[in-house]
Amino acid sequence: MPVLTQVDVIAVGLLIASVAGVLLGVYLVIWGVNGIRRGFSVWSNDPIPIADAHLADGTIEVEGTAESLVETVNAPYSGRSCLAYSSKKEQKERERNDDGDWETNWKTVSSSSGSVPFNVVDETGSIPVDPGEATLGMDREYSSRSGDVRRRENRIDTGDDVHVIGQRLSVTEKRPELGDAAEYIGDGDDAPTFRVTDGSELETVARMFGRSAASVLFGVLLAGVFVFLFIETLPEL
């Protein structure tokens, strides 16, 4: 039985890492392409009046003003009453890179998020939205820094303009957080995506395209690097 040398062991490890890197790159490309496809789907449809949302089936898209329904939630850093938030606390760290130079990075040490159902209102009517399972696109509303620690907070506040795409669902069991509503917009099997964005449809599409395109580019780069590493390492075995 042949004995593997240290060089062989290193080469095998590099091959395994190369395969894993290529698979990760392919996954990122597929995820990004699907995101771009969903973005085009949102872009190709216009928001409907909320009065018509009660009659729509499948995926529905509305725009309006976010208003409190039954309750609100308090954002942790600003203490503001809001409808949805995400927060992050970061610590500045300095470390040497491969060239021996010092680099400064911000490391997330804690994060949290929260949301409550709220109403979306336009000139034709209103409909509740339960954002618990939604992808939230929120603007940064609070930022502070103390020494090497910074805190950031994104929110959807009462009175903000919002764009919502999801599925119209019926309230089958009593849900106090939805008030007396008989239906709402939420996450369903018939909707390819469920998103609530602080802003317009254009901002929703821009966020979707931006993140998805970045995933595709990074995935292609990652896969290319590891394919090259695989080709270079293979002759060593």
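Residues numbered from 1 in each chain as written. Predicted model: local features only at pLDDT ≥ 70, side-chain atom pairs only at ≥ 80, totals over all residues. Heavy atoms only, no water.

On to the pairing of strand β4 (residues 84–96), then. Remember that side chains alternate between the two faces of the sheet whenever the strand is regular. With 13 bridges connecting them, β4 and strand β5 (residues 102–115) associate as antiparallel partners. By the bridge assignment for β5, R96 is matched with W102. As defined by bridge partners, β4 adjoins strand β10 (residues 149–156) across eight bridges and the pair is classed as antiparallel. Looking at the pairing, S87 lines up with E153 of β10. (Pairing = 2+ DSSP bridges. Helix = DSSP H or I, 4+ residues; strand = E, 2+ residues; numbered from the N terminus.)

Another point: the pattern of salt bridges. The tally for this structure, following the rule as stated, stands at ten salt bridges. For the salt bridge of E90 with R152, the shortest nitrogen-to-oxygen distance reads 3.9 Å. Here R152 lies in strand β10 and E90 lies in strand β4, a separation of 62 residues in the sequence. Judged by relative accessible area, E90 falls into the buried class, the value being 5%. Residue R175 pairs with D130 through a salt bridge whose shortest N-O separation is 2.6 Å. Taken as a pair, R175 in the loop between β11 (161–170) and β12 (183–186) and D130 in the loop between β7 (125–129) and β8 (135–137) lie far apart in primary sequence, 45 residues in all. (Salt bridge = Lys/Arg side-chain N within 4 Å of Asp/Glu carboxyl O. Buried < 20%, exposed > 50% of the residue type's maximum accessible area, 1.4 Å probe, protein only.)

Looking now at the nonpolar core. Within the largest apolar cluster, 25 residues are counted, with the highest numbers of intra-cluster contacts made by F118, V120, V129, V164, I185 and V196. At the level of elements, α2 (50–53), β1 (59–68), β4, β6 (118–122), β7 and β11 are the ones that each hand at least two residues to this core. No other element matches β1, which puts three residues into this core. Those residues in contact with V196 that lie beyond four places of it in its chain are F118, V129, P131, A134, T135, L136, G137, I156, H163 and V164. (Core = buried A, V, L, I, M, F, W, Y, C linked by side-chain atoms within 4.5 Å. Contact = heavy atoms within 4.5 Å.)

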